[in-house]
Amino acid sequence: MKNAHNLFGTLQEFETGEGRRGAFYSLPQLEQAGVGPVSRLPVSIRLVLESVLRNCDGQRVTEQNVRALANWKPDARRTEEIPFVVARIVLQDFTGVPLLVDLAAMRSAVARLGKNPKVIEPLVPVDLVVDHSVQVDYFGTPASMEQNLEMEFRRNRERYQFLKWGMQAFDTFKVVPPGIGIVHQVNLEYLAKGVLGCPCALNSQPSTLYYADTLVGTDSHTTMINGLGIVGWGVGGIEAEAGMLGQPVYLLTPDVVGVCLTGALREGMTATDLALTLTQMLRKAKVVGKFVEFYGPGAAALPVVDRATVANMAPEYGATMGFFPIDAECVNYLRATGRSPEHCRTYENYYRAQGLFGMPPKGQIKYSVELELDLATVTPSVAGPKRPQDRIELPNLKREFVAALAKPIAENGFGKTAADLEKSFVVGIHDGFHPGGGSQEPVSQSQAQARDTNPFTELEMANNRPSPGAVSARAIPSEARIRHGSVLIAAITSCTNTSNPSVMLAAGLLAKKAVERGLRVNPLVKTSLAPGSRVVSDYLARTGLQPYLDQLGFNLVGYGCTTCIGNSGPLPAAIDEAIGKHDLVAASVLSGNRNFEARIHQNIKANFLMSPPLVVAFALAGRVDIDLSREPIGQGKDGRDVYLKDLWPSLQEVRDLLQAALKPEVFRQLYRDFAAQNPKWNQIPAPTGEVYQWDTRSTYIQEPPFFAQFGPQPGGIGEIKGARALGIFGDSVTTDHISPAGSIKQSSPAGKYLLEQGVPFEEFNSYGSRRGNDRVMTRGTFANVRIKNLMAPGTEGGVTRCFARACPCPPGGVVPIYDAAMAYQKEGTPLLVIAGQEYGTGSSRDWAAKGTALLGVKAVVAQSYERIHRSNLVGMGVLPLQFKEGVTAQTLKLDGAETYDVLGLGPGLKPQQDLTLRLTRANGQMETIPVTCRIDTPVEVDYYQHGGILPFVLRQLLR
Ligand code: SF4
């Protein structure tokens, strides 16, 4: 048992919910001891301070760290880094599998050195939720969920076997199996405790030390948990691995933006409308890299589920967190979701003892920036067609879509004419696509099964991940018309919204009214309902709303991310062909949080985020160029126009049903003994042993080369000479552009590799699911079909101009980026990537950095970076450099034919110091420009010197 320190006399006691005394590190005592004005600090900073104080050991965390954070100033220059030791870690499977692969590779490396592989062991609890792998192959029938789950297990068996090996090999690594829910909703409803306890010795007596629940997760939307007053955010897998192995997560002391919420949402407004409004407002306020803390009477009145929807979208507004302080609403939520009464009392008592209970009023805390939003000003909103921060008021959607359609491509439009909007095209579809176009009677199980056994040859997918015989086999008209703005995917998806019963019930109520009025979903729309936990199905069944959703095609397709992560599944070939042939700007509507190009579906260019009830409404309308505030959504069975306002549920209707939604016993029952409830998972055999036996034939799990050359001493830091550009990119290149998660094209380097390994096209699965195999992932880096490399104007997809002598093409010829990188590697030429603003925006995807490193890229030079991607680059030993204000690839007239040197790099490298980029043009002309080294903290210098975080941590552990 660990002897607890008592720095500044802060080790104190409080009364737990079980009537016993428990120990804690007292923040009020820290203030009384004169260390700093703790009670005036933002709540989020105080929670991080608690971790810093508790983990102070004079080595990883020092007394100076405590003093510095206790004296956080709202407007200080940010130079200090905070060593933040988190209480636990959450993972999803796309990022979790590669992380486990790295841990397994570290064990193999340690074993090869003749040491004990058990030195590699997570030191904090790790929970992995398998949620990202389910795809919408089947939809619109009662059997869809089972069929998709079956397909998921078939596709991912190898990965799941590997996860089961991890469960037995590591003591603190737990897995929530497939078919249970989405990581952030499962975290909110089950994993999060709010306050944690561990055994300690107090005055030489055994006691329990209580501390704040804090975490990092390998998913950007980990911030959803901020809605429950828990500090946590998304990090790259590389940082999470370091965190697991006892390293603090380092962050530059943040500014904290206070957002005072006043008033209340008006009748008919949803938490999604609020989240989209705040996303737009906070993007404009430039909160990137900052904590955002909501407070005030409006925040106090929001239930935790609404707070969670807002907090979830922190990555979309660019903040590190979107934090709501702890108050009685949090206790209510914990109680309603089945946490024990004793635990809820301990939770409340702990935060009261810390002086952290209750929503702060205006003026109590001085924030770096103060903003305000009157909730009464929130209006019905959607966001799109390409970015989540581009909010559009619902009545303006038609106008905005038409404008975007006509805007030139260079201005981020679609480059069509107004006349194009008038054209429509016949899609020759034979029987069997959508029930909403057919009978209004519910589809019975037997009917559905009969349909599902129909041969379905013409509707096999032509896009996304192929699946033998997949796609729903349901009633479909013989032909339908498709045009710009046609809604082809309508998905109630994403933990952002499915964790919020009020918007899910609103969707069900809207479906009920629509069915009662005799409305039908447009037959071309692929509809799906994929909640983030089984609790949603329970309350939709309990309230009698699911049958109405079913009648509109919103049958359950699975419990997982599905469309939100781009696993929307295939569209019928006829529709794909029509889109391609006529270059149609088709639309998706979804209750997700991201809509970057090609994320939702490769052939759908306009993607709109909205609340679940609006998703149902647009599925009924079948198009996005409609003003739902004035135009009818359709005609009822009585032949009369039906408007959105006729279908929209009142606040009271939703509230009446909410009572049925949150039942503690349901949460307790559904979050018990996952294995017993999951026979498919149980049937998967689990390999055993401390060191993983790599199967070199596997196309899913391979030992990565990160430790192949590993030795006890790090290398040095030296200048980069004679580098070539692998790509020159514009603004807002996302991690999905760099390392796509979706489908693998047959003709791509990754596709060719898989074919060579004997994997048939229909078993390619996705990049996301193959992140345990570096061979696939390196080939897939920069392979997004929509990425535009300015070195090869007029092209789209992962190609570049190659000047390597080892390349078979003529100098400057256009080849796949992977092929060029390998040719450069052969001749020992280092590589650079040059980019615009917000490089690496989007999901926290460590393969975007790993793939970059494995291609041989030594440095990225960008105008600005997304926070996580920048740190991931450093974590993989890639140097992030930043152009000075006003300097871009365009002002420098770079065309990729140049060679580059990075000068000034050496052993004395300092965080954020200036370096020199020297470019030599094809005509021999030389130019030097200053750039900022975006290695931001001293520890990052160490990481860089060691070739990345993992070699750094491994050397520490071995020492
Ligand atoms: S549903 Fe979307 S936001 Fe939630 S974990 Fe999955 S991909 Fe991330």
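How each quantity is defined
Residues numbered from 1 in each chain as written. Predicted model: local features only at pLDDT ≥ 70, side-chain atom pairs only at ≥ 80, totals over all residues. Heavy atoms only, no water. Helix = DSSP H or I, 4+ residues; strand = E, 2+ residues; numbered from the N terminus. Rg over C-alpha atoms; globule rule 2.2 N^0.38 Å. Buried < 20%, exposed > 50% of the residue type's maximum accessible area, 1.4 Å probe, protein only. Areas by Shrake-Rupley, 256 points an atom, 1.4 Å probe, with all protein chains shown as cover. Lys, Arg positive; Asp, Glu negative; His and termini not counted. Charge placed at Lys NZ, Arg CZ, Asp CG, Glu CD. Contact = heavy atoms within 4.5 Å. Polar contact = N/O pair within 3.5 Å; in protein donor to acceptor, adjacent residues only side chain to side chain. Pairing = 2+ DSSP bridges. Near = heavy atom within 4 Å. 1 Å grid on protein atoms, 1.4 Å probe; cavity = no way out; pocket = protein on both sides within 12 Å on 5 of 7 lines; lining within 4 Å. Sits in = over half its atoms within 2 Å of the grid points. Nonpolar A, V, L, I, M, F, W, Y, C, P; charged D, E, K, R; others polar. Phe/Tyr/Trp six-rings, centres within 6.5 Å; stacked < 30°, edge-to-face > 60°. pLDDT = per-residue confidence, 0-100. Axes fitted to C-alpha atoms, helices over the stretch in contact; angles between N-to-C directions. Parallel < 35°, antiparallel > 145°, perpendicular 65-115°, else oblique. Left-handed = near helix turned anticlockwise from the far one by under 90°. Points joined across faces, edges and corners; volume = space filled by probe spheres on them. Arc of directions from axis to C-beta.

1. Side note on the overall build of the chain
Argument step 1. Along the chain, the regular secondary structure elements total 34 helices and 34 strands.
Argument step 2. Here the chain has a C-alpha radius of gyration of 27 Å; the compact-globule value for 959 residues is 30 Å, and the two agree.
Argument step 3. Considered along the principal axes of its C-alpha atoms, the chain spans approximately 75 × 75 × 55 Å.
Argument step 4. Buried positions account for 65% of the 959 residues belonging to the chain.
Argument step 5. On the chain, roughly 32300 Å² of surface is accessible, and the fraction owed to carbon and sulfur atoms is 50%.
Argument step 6. The averaged location of the 93 negative side-chain charges in the chain is 2 Å from the averaged location of its 96 positive side-chain charges.

2. Examining the environment of Arg955
Argument step 1. Position of Arg955 among the secondary structure elements: in helix 34 (residues 949-958).
Argument step 2. Taking the C-alpha atoms as reference points, Arg955 and Phe710, 245 residues apart in sequence, are found 9.2 Å from one another.
Argument step 3. Excluding anything up to four places from it in sequence, Arg955 contacts Phe710, Gly711, Pro712, Gln713, Pro714 and His946.
Argument step 4. Of the polar contacts made by the side chain of Arg955, one reaches the backbone oxygen of Gly711; its length is 2.8 Å.

3. Describing the pairing of strand 1 (residues 11-15)
Argument step 1. Across five bridges, the pairing between strand 1 and strand 2 (residues 21-25) is antiparallel. Its bridge partner lying in strand 2, Glu13 is registered against Ala23.
Argument step 2. Where strand 1 hands over to strand 2, the hairpin turn is made up of five residues, of which Gly19 adopts a positive phi near 80°.

4. Comments concerning the site of the ligand
Argument step 1. Around the ligand sit His132, Ile182, Val183, His184, Asp219, His221, Ser494, Cys495, Cys561, Cys564, Ile565 and Asn593, and those are all the residues in its vicinity.
Argument step 2. One can see that the ligand is located within the largest cavity.
Argument step 3. Grouping the amino acids of the shell around the ligand by side-chain chemistry returns six nonpolar, five polar and one charged.

5. Re the packing of aromatic side chains
The relation between two aromatic rings is expressed through the spacing of the ring centres and the mutual angle of the planes.
Argument step 1. Taken as a whole and assessed by the stated rule, the structure comprises 27 aromatic pairs.
Argument step 2. Between Tyr190 and Tyr671 the ring centres are 4.9 Å apart and the planes differ by 5°, which places this aromatic pair in the stacked class. Of the two residues, Tyr190 sits in helix 6 (residues 183-191) while Tyr671 sits in the loop between helix 25 (664-670) and helix 26 (679-683), which places them 481 residues apart along the sequence.
Argument step 3. The exposure class of Tyr190 is partly exposed, given its relative accessible area of 29%.
Argument step 4. Cluster of aromatic residues (ring-pair linked, three or more members): Phe14, Phe24, Tyr210, Tyr347, Tyr350 and Tyr351.

6. With respect to the confidence of the model for the chain
Argument step 1. For the chain, the mean per-residue pLDDT works out to 91, and 94% of the residues sit at or above 70.
Argument step 2. Confidence drops under a pLDDT of 50 for residues 434-475, and excluding neighbours within four residues, the segment shows 126 contacts in the predicted structure.

7. Comments concerning the sheet that holds strand 5 (residues 126-129)
Argument step 1. One open sheet accounts for five strands, arranged 6-5-4-9-10; its pairing is parallel. Two strands close off the open sheet at either side, each with one partner strand: strand 6 (173-176) and strand 10 (231-234). Averaged over all adjacent pairs, the angle separating strand axes in this sheet is 20°, with direction ignored.
Argument step 2. Across four bridges, the pairing between strand 4 (residues 88-92) and strand 5 is parallel. Each bridged residue has a counterpart across the sheet, and for Val90 the counterpart in strand 5 is Asp127.

8. Thoughts on the packing of helix 4 (residues 93-112) against helix 34
Argument step 1. Orientation of helix 4 relative to helix 34, taken along the N-to-C sense of each, is 45°, at an axis distance of 12 Å. Viewed along their axes, helix 4 and helix 34 adopt a mutual orientation that is oblique. Considering how the two elements wind past one another, helix 4 and helix 34 form a crossing that is right-handed. Residues Asp102, Met106, Ala109 and Val110 of helix 4 touch helix 34, and the partners they reach there are Leu950, Leu954 and Leu958.

9. Here's the deal with the sheet that holds strand 26 (residues 720-728)
Argument step 1. The strand order around the closed barrel built from seven strands is 26-29-30-31-34-33-32, with neighbouring strands paired in mixed fashion. In this sheet, adjacent strand axes meet at a mean angle of 40° when their direction is disregarded.
Argument step 2. For strand 29 (residues 831-834) and strand 30 (residues 857-862), the ladder comprises four bridges, and the chain directions are parallel. Within the sheet, the bridge partner assigned to Val833 lies in strand 30 and is Val860.

10. Some thoughts on the side chain of Gln185
Argument step 1. Note that Gln185 resides in helix 6.
Argument step 2. In this structure, Gln185 is in contact with Met224, Cys495, Thr498, Ser499, Gly532, Ser533, Val536 and Tyr671, ignoring residues within four places of it in sequence.

11. A word on empty space enclosed by the protein
Rolled over the atoms, a probe sized like a water molecule indicates the empty space that remains.
Argument step 1. The final tally for this structure, using the stated rule, is five cavities of 30 Å³ or more.
Argument step 2. Empty space within the largest cavity amounts to approximately 210 Å³.
Argument step 3. Looking at the largest cavity, it is lined by 23 residues, and the ones nearest its centre are His132, Asp219, His221, Ile565 and Arg599.

12. Section: helix 24 (residues 651-661)
Argument step 1. Restricting attention to buried positions, one finds in helix 24 the residues Val654, Leu657, Ala660 and Ala661. The buried residues of helix 24 all sit within an arc of 95° when viewed along its axis, so they share a single face. In helix 24, the exposed positions angled more than 90 degrees off the buried face are occupied by Asp656 and Gln659.
Argument step 2. The elements touched by buried residues of helix 24 are helix 18 (501-517), helix 19 (534-542) and helix 25.

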